[in-house]
Amino acid sequence: MPDSTVLVTGARAPVALHLARLLHGAGRRVILADTPARPIGAASIACALYRRLPPPRFEPAAYAEAVEALVRAEGIGLVIPTCEEVFHLALAWRGRAIPARLFAPGIELLAEVHNKHAFIRLAERLGLAVPQTTLLQSRADLEAVRGRARELVFKRVWSRFASQVLLRPSPDELDAVNPSPAMPWVAQRFVTGEEISAYAVARAGKLKAFALYRSLYRAGKGAGIFFERIEDVWARELVERIAGGTSWTGQVSFDLMRQADGTVLPLECNPRAVSGLHFFRDPARFADAVLGDGPEVRPDVTAPQTVRLAMWIYGLPAALRSGGLGRFSKAMRGAEELLDWPGDPAPVKAQWPALAEIAGIALRERIGLQAASTRDIEWNGPV
């Protein structure tokens with residue numbers, strides 16, 4: 001069987017666990033790797049081996065060396081990133097003769113789509129309608145748009161989880177923004193409508209898996225923690241256009257805005273796995289489509305998906321603040337726990353030590369839980 005041993009990185013993430021379960025169920029030997037000591041994925045029966053790696057953001061050379069050694073020692077044929085370590089892996093593959101395929105584009109394309117200004121320009125070149133987006137690299141650039149601040153969204157070019165986003169701020173609030181060539185921002189036209197998310201897997205520009213969803217609850221302003229599947233023809237066409245126009249191979253996700261007239265605009269691209277993966281539960285069909293020559297696989301889960309622990313941490317306080325406790329209770333009753341998997345209960349319990357490890361980082365570094373969860377794998381553009 002080709003790619004009989006697969007390395008899935010980013011074992012801290014529920015999507016890495018889910019991917020490991022799908023591949024394991026399809027007969028692959030799955031090795032997981034990441035930097036935490038106790039990621040949830042390591043507790044799964046789908047994990048044949050867990051290997052702890054150096055933090056790529058702070059020790060890139062040691063990280064690349066460790067990944068290459070693991071690939072050679074375990075006879076790994078395919079490496080599938082799931083989180084922002086994808087950038088560090090792409091750099092490792094560019095600089096080393098690692099004897100495995102990396103299921104991701106090269107670093108140049110990854111950097112282009114991760115850049116919140118360059119991605120919009122790419123989508124524009126591919127003939128897509130886009131929201132007006134201005135690159136800010138100096139105080140002068142900022143002053144040029146200050147008078148329209150109430151019509152704009154300000155965000156760092158390199159960022160995640162909606163961190164440091166200013167949504168239609170007052171002109172005075174922009175005093176806290178200090179863009180530079182090394183740390184640029186964008187000012188993007190505020191688009192009204194319904195925010196939706198897309199998850200896709202493509203090979204040579206052809207979609208092999210695709211799911212659309214909306215996040216009804218979030219961890220603050222950022223990552224979704226309660227997901228509901230949707231369908232939208234225009235959103236699919238948008239993703240097909242980008243995947244085909246870039247000859248994309250690997251996982252990719254998009255933040256989109258569906259306007260009142262039904263048109264869909266791209267806002268951001270994340271070249272990694274996101275929660276739409278959880279709507280796929282058939283290992284054989286998923287692996288056949290993504291790794292083999294099978295037809296595109298469609299989502300086979302209809303019920304909303306959630307991480308109940310995250311809902312208690314983030315969703316319940318938000319519901320209490322907004323007076324939406326009844327809605328919260330109904331959502332919890334109607335959703336499936338996305339960590340549940342037949343015959344594999346350990347990862348649900350493994351959430352607690354994994355959370356404790358992240359909380360320890362947050363306390364030590366004096367940052368929030370979300371920032372702590374990705375601190376060691378973030379990639380903030382070329383240096």
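Quick caveat, the model's predicted, so the values are computed rather than measured. Sequence order as written defines residue numbering, which begins from 1 separately in each chain. Per-residue local features are limited, in this predicted model, to residues with pLDDT of at least 70; the limit for side-chain atom pairs, both in listing and counting, is 80 or more; totals at the level of whole chains, interfaces and linings are taken over all residues. By convention in this description, side-chain values take in all heavy atoms of the structure and omit both hydrogens and water.

### Re the overall build of the protein chain
- Broken down by element type, the protein chain carries twelve helices and 16 strands.
- Atoms considered for the radius of gyration are the C-alpha atoms alone. The globule rule reads 2.2 Å times the number of residues to the power 0.38. The C-alpha radius of gyration computed for the protein chain amounts to 20 Å, which stays within 12% of the reference 21 Å derived for 383 residues, consistent with globular compactness.
- Dimensions of the protein chain, computed from the C-alpha atoms along their principal axes, are close to 60 × 50 × 45 Å.
- A total accessible area of about 16200 Å² is found for the protein chain, and carbon and sulfur atoms account for 55% of it.
- A gap of 2 Å separates the mean positions of the 47 positive and 40 negative side-chain charges of the protein chain. Helix and strand assignments come from DSSP, with helices taken as H or I runs of at least 4 residues and strands as E runs of at least 2, each series counted from the N terminus. Accessible areas in this description were obtained via Shrake-Rupley with a 1.4 Å probe; residue shielding takes into account the shown protein chains only. Two residue types count as positive, namely Lys and Arg, and two as negative, namely Asp and Glu; His and chain ends fall outside the count. One atom stands in for each charge, and that atom is NZ of Lys, CZ of Arg, CG of Asp or CD of Glu.

### Side note on the packing of aromatic side chains
- Whether two aromatic rings pair depends on their centres lying within 6.5 Å, for rings of Phe, Tyr and Trp, where Trp uses its six-membered ring; planes under 30 degrees apart make the pair stacked, over 60 edge-to-face, and the rest tilted. Considering all chains together, one arrives at ten aromatic pairs under this definition.
- An angle of 90° between the planes, with centres 5.6 Å apart, marks the rings of Tyr213 and Phe227 as edge-to-face. One end of the pair, Tyr213, is in strand E11 (residues 206-218); the other, Phe227, is in strand E12 (residues 224-230), with 14 residues separating them in the sequence. Each member of the pair, Tyr213 as well as Phe227, carries the same accessibility label: buried.
- A ring pair is formed by Tyr217 and Phe226, whose centres lie 5.7 Å apart and whose planes are at 70°; its orientation type is edge-to-face. In terms of burial, Tyr217 and Phe226 fall into one category: buried. Accessibility here uses a 1.4 Å probe with only protein chains present; expressed as a share of the type maximum, an area under 20% marks a residue as buried, one over 50% as exposed, and anything in between as partly exposed.

### A closer look at helix H4 (residues 107-114)
- Burial analysis of H4 places six of its eight residues in the buried class, the great majority of the element.
- The complete set of buried residues in H4 reads Ile107, Leu109, Leu110, Ala111, Val113 and His114.
- Where H4 is buried, its residues meet helix H3 (85-95), helix H5 (118-125), helix H7 (233-246) and strand E14 (264-270). Whether two residues touch is decided by their heavy atoms; if any such pair falls within 4.5 Å, the residues are in contact.

### Observations regarding the sheet that holds strand E9 (residues 185-189)
- Ordered in space as E6-E9-E7-E8, the four strands form an open sheet in which the pairing is antiparallel. Sheet topology places strand E6 (133-136) and strand E8 (166-167) at the edges, where each strand pairs with a single neighbour.
- Axis geometry follows a simple rule: fit a line to the C-alpha atoms, using only the stretch in contact for helices, then measure angles between N-to-C directions, giving values from 0 to 180 degrees. Packed onto the sheet, helix H6 (residues 139-146) meets E6, strand E7 (152-156) and E9 and runs at close to 145° relative to E6. Only when DSSP finds a minimum of two bridges between them are two strands counted as paired.

### Quick notes on the pattern of salt bridges
- Salt bridge criterion: a side-chain nitrogen from Lys or Arg within 4 Å of a carboxyl oxygen from Asp or Glu. Tallied over the entire structure, the rule returns 27 salt bridges.
- Salt-bridge contacts for Arg12 lead to Asp376; the nearest nitrogen and oxygen are separated by 2.8 Å. With Arg12 in the loop between strand E1 (5-9) and helix H1 (14-25) and Asp376 in the segment after helix H12 (369-374), the pair connects residues that are 364 residues apart, well separated along the chain. The burial state of Arg12 is the same as that of Asp376; both residues are buried.
- Ionic pairing is found between Glu296 and Arg298, a salt bridge with its closest N-O pair at 3.4 Å.
- Classification of Glu296 by relative accessible area gives partly exposed; the value is 22%.
- Salt bridges sharing partners connect three or more residues here, namely Glu194, Arg214, Glu228, Asp232 and Arg258.

### Let's talk about the environment of His88
- Checked against the element boundaries, His88 lands in helix H3.
- We classify His88 as buried; its relative accessible area is 10%.
- As for His88 and Glu151, which are separated by 63 residues in sequence, their C-alpha atoms are 36 Å apart.
- A 3.5 Å cut-off defines polar contacts: any pair of N or O atoms within that distance qualifies, except that in protein one atom must be a possible hydrogen donor and the other a possible acceptor, and neighbouring residues in sequence count only when both atoms are side-chain atoms. In terms of polar contacts, His88 uses its side chain to reach the backbone carbonyl oxygen of Ile377, at 3.1 Å.

What is shown is where atoms sit, not what they do.
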